[in-house]
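Here is what each chain is made of, one letter per residue.
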Amino acid sequence: NAGVTQTPKFQVLKTGQSMTLQCAQDMNHEYMSWYRQDPGMGLRLIHYSVGAGITDQGEVPNGYNVSRSTTEDFPLRLLSAAPSQTSVYFCASSYGGHPSNTGELFFGEGSRLTVL
Amino acid sequence: AQSVAQPEDQVNVAEGNPLTVKCTYSVSGNPYLFWYVQYPNRGLQFLLKYITGDNLVKGSYGFEAEFNKSQTSFHLKKPSALVSDSALYFCAVRDGSNAGNMLTFGGGTRLMVKP
């Protein structure tokens, strides 16, 4: 019963490096999303997807790319890391094509990224 | 635009006492309201939601929340706190009138329950 799985759990990057945060879910959820969590600011939506082949921008998309080639996977790419991207990143999914009009989100355990 | 305010960064309560974590919201349409809990080094877990119907909503682990439309509030409550309830709590809202709207989260409230 894996749910939402994120890798890696921890990562340290230097400014300008690139990396990909992986997210996979085994619940056949149509909706997947990426949030970043910063102290006192709650969670802010980066990108989301309502199904394979469909992605859209959230509140804070700059500096991040996503793709959704399968229902299960939703990787988040940082093309050129900046210190402002130091944060904890959460992947979340939900049944239905959208956070469901009524449904709740299922979260991964997070990926802590530090950019030096 | 929609927003959520959690006015208290931290709430301290003694074990066995009732607890309240406050949340107020702002949306232009129908509010869909959620509470999530985050334990240390874990992702958020869903506690309860209000979509429509009874203003008092019951959720996981004995928590409940009361929707108050006139005060635009959705406070989280529990009659008797446990030490294991200590965690970070997030309120979230989306505008149910617009299917394109995303969830907006509050800044979080840390609940500390002392023995």
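Residues numbered from 1 in each chain as written. Chains lettered and ligands numbered in written order. Predicted model: local features only at pLDDT ≥ 70, side-chain atom pairs only at ≥ 80, totals over all residues. Heavy atoms only, no water.

(A) View of the overall build of chain A. Looking only at helices and strands, one finds 0 helices and 11 strands in chain A. Walking chain A from its N terminus toward its C terminus, one meets helices and strands in the order β-β-β-β-β-β-β-β-β-β-β. The C-alpha radius of gyration computed for chain A amounts to 13 Å, which stays within 12% of the reference 13 Å derived for 116 residues, consistent with globular compactness. For the C-alpha atoms alone, the extent of chain A along its principal axes is close to 40 × 30 × 25 Å. For chain A, buried positions account for 48% of its 116 residues. Sequence-distant contacts in chain A: of pairs separated by 6 or more residues, those separated by 24 or more amount to 54%. Of the roughly 5200 Å² of accessible surface on chain A, 51% is carried by carbon and sulfur atoms. Placing the 7 positive and 9 negative side-chain charges of chain A at their respective mean positions leaves the two points 13 Å apart. (Helix = DSSP H or I, 4+ residues; strand = E, 2+ residues; numbered from the N terminus. Rg over C-alpha atoms; globule rule 2.2 N^0.38 Å. Buried < 20%, exposed > 50% of the residue type's maximum accessible area, 1.4 Å probe, protein only. Contact = heavy atoms within 4.5 Å. Areas by Shrake-Rupley, 256 points an atom, 1.4 Å probe, with all protein chains shown as cover. Lys, Arg positive; Asp, Glu negative; His and termini not counted. Charge placed at Lys NZ, Arg CZ, Asp CG, Glu CD.)

(B) Layout of the overall build of chain B. Of regular secondary structure, chain B possesses 0 helices and 12 strands. Each helix (α) and strand (β) of chain B, taken in turn from the N terminus, gives the series β-β-β-β-β-β-β-β-β-β-β-β. Whereas a compact globule of 115 residues would reach a radius of gyration of roughly 13 Å, chain B reaches 14 Å, a difference of no more than 12%. In chain B, which comprises 115 residues, the share counted as buried stands at 45%. Working note: accessible area of chain B is about 5400 Å², and carbon and sulfur atoms make up 47% of it.

(C) Representation of the interface of chain A and chain B. In this complex, chain A contributes 22 residues to the contact, which on the side of chain B involves 22 residues. For the interface between chain A and chain B, the tally reads 2 salt bridges. With a shortest N-O distance of 3.9 Å, lysine 49 of chain B and glutamate 104 of chain A are connected by a salt bridge. Where chain A packs against chain B, one counts 3 residue pairs in polar contact (both at pLDDT 80 or more). Those elements that provide at least two residues to the side of chain A that touches chain B are strand S4 (31-37) and strand S5 (43-51) of chain A. (Salt bridge = Lys/Arg side-chain N within 4 Å of Asp/Glu carboxyl O. Polar contact = N/O pair within 3.5 Å; in protein donor to acceptor, adjacent residues only side chain to side chain.)

(D) Highlighting the pairing of strand S5 (residues 31-38) of chain B. Residues and elements named next belong to chain B. Burial within S5 is extensive, with 8 of its 8 residues counted as buried. The side-chain alternation of S5 yields two buried faces, one formed by Pro31, Leu33, Trp35 and Val37 and the other by Tyr32, Phe34, Tyr36 and Gln38. Pairing of S5 with strand S10 (residues 87-95), which is carried by 8 bridges, proceeds in the antiparallel orientation. If you follow phenylalanine 34 over to S10, its bridge partner there is alanine 92. As paired strands, S5 and strand S6 (residues 44-50) are joined by 6 bridges and run antiparallel to one another. From the neighbouring strand, phenylalanine 34 faces S6, where its bridge partner is lysine 49. With antiparallel pairing between neighbouring strands as the criterion, S5 and S6 make up a hairpin whose turn holds 5 residues, including asparagine 41 at a positive phi of roughly 60 degrees. (Pairing = 2+ DSSP bridges.)

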